[in-house]
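Listed here are the chains, written in short residue letters.
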Amino acid sequence: MAETAPAPYVGRALKRVEDPRLIKGIGTYTDDLRLPGMLHAAILRSPHAHARVVRINVSAAQSITGVVSVLTGAEVNEHCGAVPCVADIADLRAPRHTVLAGDRVYFVGHPVAVVVATDPYVARDGAEAIDVEYDPLPAVANPEEALKDGSPLTHPDLGTNLAYTHTLTGGDVDEAFRRADRVIKQRIVHQRLTPMPIEPRGVVASYHVGEGTLTVWSSTQIPHLVRTLLPGMIKIAENKLRIVAPEVGGGFGAKLNLYPEEALCGHLAMRLGAPVKWVESRRENAASTIHGRDQIGDYEVAVRHDGTILGLKARTIADLGSYLQLLTPAIPTLTGLVLTGCYRIPAIRLDVLGVYTNKMSTDAYRGAGRPEATYLIERLMDIVAREVGVDRIEIRLKHFPEPTEFPFHTASDLKYDSGNYQGALSKARQLANWEALMTERAAARAAGRLLGVGVSTYVEICAMGPSKAMPAGGWEWGCVRIEMSGKVTVITGATPHGQGQETSFAQIVADRLGVPIEDIVVLHGDTNVAHYGRDTYGSRATAVGGSALVMCIDKIVAKAKRLAAHLLEAPLDRVTFANGRFSTAGNDRRLSWTEMASEAFVAKNLPAEFEPGLEASSFFEPENFTFPFGAHIAVVEIDRDTGLVHIKKYVAVDDCGPQINPLLVEGQVQGGIAHSIGQALFEQTVYDENGQLLTGEFMDYAIPRAGDIPEYILGSTVTPSPSNPLGIKGVGEAGTIGATPAIANAVIDALEPLGIKHLDLPLTPERIWRAMQRHAVEAV
Amino acid sequence: MKVSSSATIQAPRDRVFAALVDPDVLRQSIPGCEELTPIGEDRYEARLKIGVAGLKGTYSGRAELREKHAPESFTLAFSGKGGSGFLQGAAAIRLADEDVATRVTCDADVQVGGLIAAVGSRLIEATARKLTDDFFRRLADQIASR
Amino acid sequence: MYPASFEYFRPSTIDEAVALLAQHGDDAKVLAGGHSLIPAMKLRLARPKVIIDIGRVANLNYIRDADGQIAIGAMTPHGEIEASAWLRERCPLLAETASHIGDVQVRNRGTIGGSLAHADPAADWPAAILALDAELEIAGPRGRRTVGAGKFFVDLLETTIRPDEILCEIRVRPTPRSVAYEKTEQKASGFALAGVAVVIPERDGAVCVAVTGVAAKPYRATAVERALAGHRILASDIIAAAAAHAADASDALGDIHASPEYRAHLAQVNTRRALTRAVARR
């Protein structure tokens, strides 16, 4: 047989093995599950943003044929623990959020009662037939109002709407501001967003009475974390609980959570002795699945006349919503970590005020605190540049650390692992044809057209993370097993839900074991199969989960070499492993994995002290986060009559280190930029002043569609990370983080001739039109 | 949401005021009013089937007449709930002489919540205006026929 | 997304459908393409006890000549109107308007009759129907009657169709040139924030300008039409001056997507753009 090495899989843009089943509609999602005797649950939710629950009359609902059970907080809450929040925040004032409302509801969508019936239509008929008498209470929907004296209290027993204050400081901020030539101030509002995954949440829970085991299928990103946390909410031991994430139609952080409905379904399955399914409607998703962002802040930059930034002060009000989901209060604090962005800014101070309002909780949503940071610092760089009269590119270059300065210590006490911000920006400008763009922009302005070019250079923190910095462990677990037939089974504790690790992990394993990729299967998402895991969020799966697999392979190869030495009758240090074969000089035999596995399992001829089998499992503990970075350039033109923004050109250069599969990287970047287009131009979760949710359906909440997306020009640089053996940095959130500021900066740049200095997101046509009216200037 | 409207009713002010606080007249004038039952002094239980076209919902609730200053003004406070959500608010009604007729102005502050607010917010204001216009038309008819 | 239960009828003739309507009265709703009714039912905003599905009623889906007029059956899907080459030659405003409705899936199922009967204040058809001064034929227990477009739209979500009647046919005069529909979409729903249809007659006759999405019901912008009257050549300054009246006395709607002022402004902008395009097509 020829000895040439096959082309490596890693680095190839392979189509995903997941896609055929998804595209053909033969993947199994939570709502596809049908269990014998399965019942359907429908939840009645509060239409009031704040009210006392005076009386609940369920008799009409109970009398509907097909209704099996109608339960309220009075019957359920005594059997269930409160919804957990694992964020570690000093002096946090937290309400106790029960599975169903008790005597008070505090947001529109708050679950009040549940109906279990033989079919989903009857379940909803039942929910409608429940008569609830509410005594409405004053509600507060504006977080700045919520902090004022006399504001209605979201939780009267807390005595305040202020959940916590958190301060992050680094360097000597007071000194920086004393030495400054100027202090530039800006108020920036980061709107609330609704994640809107294409598949809303759903749960199927089934209790095996004989075995005393509970299985919960949930459209979740975190089956392992749910398995650890659910026993705190319902009476089931961790080792009698199995959580399965079937196909998940989008998570984006919205499903990085433990929701009351998961506990409720588990409890109902045990209580009623039948499997119970609950799937939310789109409106329920909009009202009672977590929201993202929602920060209002006042920012100050201390600068010298030449544009050197000495320090940064920030006071942010974070609208947490009415109660705490898993990580709610922590997200705004993540903003502080990368607030200095790609820049050498020696002094910072961020004060975060977490505030309760009568809305749904906010929590991690694609980027989780880092898009906010990047948007802030990138807007501020443009604002400062304009104020002091320095070019926007020059001011960024001036503050970039050199590639040789990495690991780079930030004022926020992070160690950026590796970076080359100059390289990314330079490549982006080249791809964008920067000089020609500047010429085009000048010509357009001369002709009275509103053409703008925006730049964003970003760095983000991901590949969560070193366990010292994580609430419940930041390692990842993997297992690689050579089956007796020579096929390979890979098990990961990461839980991909669209990220494509069934393909990319197979690429890594195929190369390192020297087996054809078709012989590999990657299992995930079932806690009975992947015994350990910390799941998928924070762009961690490949960096941390892939690294665990590398460790497993190293162990297997080392063990296999011992067996090969024994079988080839050669000393261990003379055994070679190459292209999936074990051999030694002077011996024609080249042992394949199939032969090795057969020997290892049949176990008739094993060396001394050699356990049968060829399998290894490992935990990878990252020593640091990783810090992907990049530069995006957006070109926009604004219709003078209507304020409508058209994206004419979009360039993104992203550095996630070496790319296992460029197709997957491109997919993540494209999707992330699409998210940013939505945030920049038209997405916004709207509550009225009484806490009524007005964007409850796609009729009123606009998400990007194919026609909104320009042809991207994508490029990359490759700067490996020293934080893991694969050198990779993670890319799942980078597009979302880098793109919003590029577009926003482009829009403000387009409006520069009109004297407009800043507008908040979303940059809707009416917002721009009104700004143009206010700054009415004759067209040139 | 604030809804304001006004109309001129061809009748003197005291007759218009008397009609406005007469439950019989109100029952016939309020669009979609199926029931208006007194349960106390100036307090009523009501059932309304309101909305537009096929999107009508039945609301049950209370209405109360307050701050009656005949023949100039009074306030109508109301709250109701139904399958499609709830509404509550108060309307300040003022009457002014206009020659031999009466100019009635209604300034209402209405809160709408639940399903209709979440999915129908763009129609709520227009519907409120339409309903108040209907109300004045029917009121004028009622007064003219008595 | 689970509607309340309902009884379902599927008549095969218009007379059967009308009889069912008369029998069930307020409890019944007619189901055409379902793309306004079914979403409302899934949300339980609409809960008709009886559905009368006219999808199988014969002879309601057609585009043809009727004594020199263009007759379109009420159950003709938007997509067919958009795709009809025959229609595009004779009345391109209809094809152009259809192409703005929803998306491909909606255009495959939604019907012109269903849309007009529902009378959403932000739908696209009303502008074209008003600008073309269409005739609408309605069938009821007392036979058929014809209503002019100007009298068809009564109020918010309300037409002149009585509870026991069904819209059967829409008729327009051939209008092959000098037409345009200019629309600004509400970004989430795709409905019109302001949609303006313009018809400039071949020979003498007044320009017709109709606006949808701005007010509680669609309207003819008569102030614009008056400002254009008497001008044989519609130069850009005349168009601009006339378009400024597009929202006069319109009582523009306001919601989270657009304030009344912005809708009024869009009406003016789109009127100017539609007139300019229609003139260019002369």
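Residues numbered from 1 in each chain as written. Chains lettered and ligands numbered in written order. Predicted model: local features only at pLDDT ≥ 70, side-chain atom pairs only at ≥ 80, totals over all residues. Heavy atoms only, no water.

**Description of the overall build of chain A**
Summing up its helical and strand segments, chain A has 20 helices and 27 strands in all. The globule rule puts the C-alpha radius of gyration for 780 residues at 28 Å, and the 28 Å found for chain A is close to it. With respect to the principal axes defined by its C-alpha atoms, chain A has extents near 90 × 75 × 50 Å. The burial tally for chain A puts 63% of its 780 residues in the buried class. Within chain A, contacts between residues separated by at least 24 positions form 80% of all contacts whose residues are at least 6 apart in sequence. Entry remark: accessible area of chain A is about 27900 Å², with carbon and sulfur atoms responsible for 51%. Charge centroids of chain A, computed over 74 positive and 90 negative side chains, lie 2 Å from each other. (Helix = DSSP H or I, 4+ residues; strand = E, 2+ residues; numbered from the N terminus. Rg over C-alpha atoms; globule rule 2.2 N^0.38 Å. Buried < 20%, exposed > 50% of the residue type's maximum accessible area, 1.4 Å probe, protein only. Contact = heavy atoms within 4.5 Å. Areas by Shrake-Rupley, 256 points an atom, 1.4 Å probe, with all protein chains shown as cover. Lys, Arg positive; Asp, Glu negative; His and termini not counted. Charge placed at Lys NZ, Arg CZ, Asp CG, Glu CD.)

**Quick word on the domain arrangement of chain A**
All names here are of chain A. The domain architecture assigned to chain A consists of domain 1 (33–137 + 196–288), domain 2 (400–406 + 415–461 + 626–779) and domain 3 (475–620). For domain 1 versus domain 2, the distance between C-alpha centres works out to 38 Å. Opposite the 10 residues of domain 1 that make contact, domain 2 presents 12 residues. A buried area of about 820 Å², summed over both sides, lies between domain 1 and domain 2, and 67% of it is on carbon and sulfur atoms. Together, Val108, Met196 and Arg282 form the three largest contributors to the area buried by domain 1 at its contact with domain 2, with a combined 50%. The interface formed by domain 1 and domain 2 holds zero salt bridges in total. Connecting domain 1 to domain 2 are one residue pair in polar contact (both at pLDDT 80 or more). (Domains from an automatic or database assignment. Buried area = accessible area lost by both parts, 1.4 Å probe. Salt bridge = Lys/Arg side-chain N within 4 Å of Asp/Glu carboxyl O. Polar contact = N/O pair within 3.5 Å; in protein donor to acceptor, adjacent residues only side chain to side chain.)

**A few points about helix α8 (residues 260–272) of chain A**
Because the α-helix completes a turn every 3.6 residues, residues three or four places apart line up on one side. Residue and element names in this part refer to chain A. With 13 residues, α8 should reach 18 Å at 1.5 Å per residue; the first-to-last C-alpha distance of 18 Å fits that figure. Summarising burial for α8: 10 of the 13 residues are buried, a large majority. Buried within α8 are the following residues: Pro260, Glu261, Glu262, Ala263, Leu264, Cys265, Gly266, His267, Leu268 and Ala269. One or two residues past the end of α8 sits Gly273, with phi positive at roughly 70°. (Expected span 1.5 Å × (residues − 1).)

**Re the interface of chain B and chain A**
Chain B puts 13 residues into the contact, and the matching count from chain A is 16 residues. In total, about 1100 Å² of surface goes out of reach between chain B and chain A, with carbon and sulfur atoms giving 50% of it. Interface area lost by chain B to chain A is led by B:Lys81, B:Phe86 and B:Ala118, which between them contribute 37%. Linking chain B to chain A there are one salt bridge. Between A:Asp131 and B:Lys81 there is a salt bridge, and its shortest N-O distance comes to 2.9 Å. Remark: the boundary between chain B and chain A carries three residue pairs in polar contact (both at pLDDT 80 or more).

**A look at the pattern of salt bridges**
Residues and elements named next belong to chain A. Inspection of the entire model under this criterion finds 83 salt bridges over all chains. A salt bridge links Glu133 to Arg55, with the nearest nitrogen and oxygen atoms 2.3 Å apart. Separated by 78 residues along the polypeptide, Glu133 in strand β6 (residues 131–136) and Arg55 in strand β2 (residues 51–57) bring together distant segments of the chain. We note a salt bridge from Glu483 to Arg481, for which the minimum N-O separation is 3.7 Å. Overlapping salt bridges, with partners in common, bring together Glu378, Asp382, Arg392, Arg396, Arg441, Arg445, Asp749 and Glu752 in one network.

**Description of the packing of helix α16 (residues 541–568) of chain A against helix α17 (residues 593–602) of chain A**
All names here are of chain A. Where α16 meets α17, the axes come as close as 11 Å, and the angle between the chain directions of the two elements is 80°. One way to sum up the angle between α16 and α17 is to call them roughly perpendicular. Of α17, the residues touching α16 (which contributes Ile556, Val557, Ala560, Leu563, Ala564 and Leu567) are Trp593, Met596, Glu599 and Ala600. A per-class count over the contact of α16 with α17 returns nine nonpolar, no polar and one charged. (Axes fitted to C-alpha atoms, helices over the stretch in contact; angles between N-to-C directions. Parallel < 35°, antiparallel > 145°, perpendicular 65-115°, else oblique. Nonpolar A, V, L, I, M, F, W, Y, C, P; charged D, E, K, R; others polar.)

**Concerning the confidence of the model for chain B**
Residue and element names in this part refer to chain B. Scored by pLDDT, chain B comes out at a mean of 87, with 100% of its residues at no less than 70. Mean pLDDT values over the elements of chain B span from 82, in helix α3 (residues 115–144), up to 91, in strand β2 (residues 33–40). Reported confidence for the predicted complex is 0.95 by ipTM and 0.95 by pTM. (pLDDT = per-residue confidence, 0-100.)

**Topic: the sheet that holds strand β19 (residues 476–482) of chain A**
Residue and element names in this part refer to chain A. With mixed pairing, the four strands of this open sheet are ordered in space as β21-β20-β19-β24. The sheet is open, and its two edges are formed by β21 (520–523) and β24 (614–620), each paired on a single side. Each neighbouring strand pair of the sheet contributes to a mean axis angle of 15°, computed without reference to strand direction. Relative to β24, β19 is paired through seven bridges, and the arrangement is antiparallel. Counted as the bridge partner of Trp477 is Phe619 from β24. Relative to β21, helix α15 (residues 501–513) is tilted by about 135°, and along the sheet it contacts β19, β20 (488–492) and β21. Each of β19 and β24 touches α17; the most contacted strand, β24, lies at about 95° to it. (Pairing = 2+ DSSP bridges.)

**What about the interface of chain A and chain C?**
Each partner contributes residues to the interface: chain A has 25 residues there, and chain C has 23 residues. Buried surface at the junction of chain A and chain C, summed over both partners, amounts to about 2100 Å²; 53% is from carbon and sulfur atoms. Counting across the chain A and chain C interface gives eight salt bridges. Residue C:Glu261 is joined to A:Arg770 by a salt bridge in which the shortest nitrogen-to-oxygen separation is 2.9 Å. Elements with a minimum of two residues in the side of chain A that touches chain C: α4 (120–129) and α20 (765–774) of chain A. Broken down by element, the residue count for the side of chain A that touches chain C peaks at five residues, all from α4(A). Here the residues of the side of chain A that touches chain C sort into 11 nonpolar, three polar and 11 charged.

**Things to note about the sheet that holds strand β14 (residues 309–321) of chain A**
Whenever strands of a sheet pair, they do so through backbone hydrogen bonds, lying parallel or antiparallel. All names here are of chain A. Reading across the sheet, the five strands line up as β7-β15-β14-β13-β8 and stay open at both edges, with mixed pairing between neighbours. Here the strands that pair on one side only, and so sit at the sheet edges, are β7 (162–170) and β8 (182–193). Taken pair by pair, the neighbouring strands of this sheet meet at an average axis angle of 10°, ignoring direction. In this sheet, β14 lies alongside strand β13 (residues 292–303) in antiparallel orientation, the contact comprising nine bridges. Its bridge partner lying in β14, Val301 is registered against Leu312.

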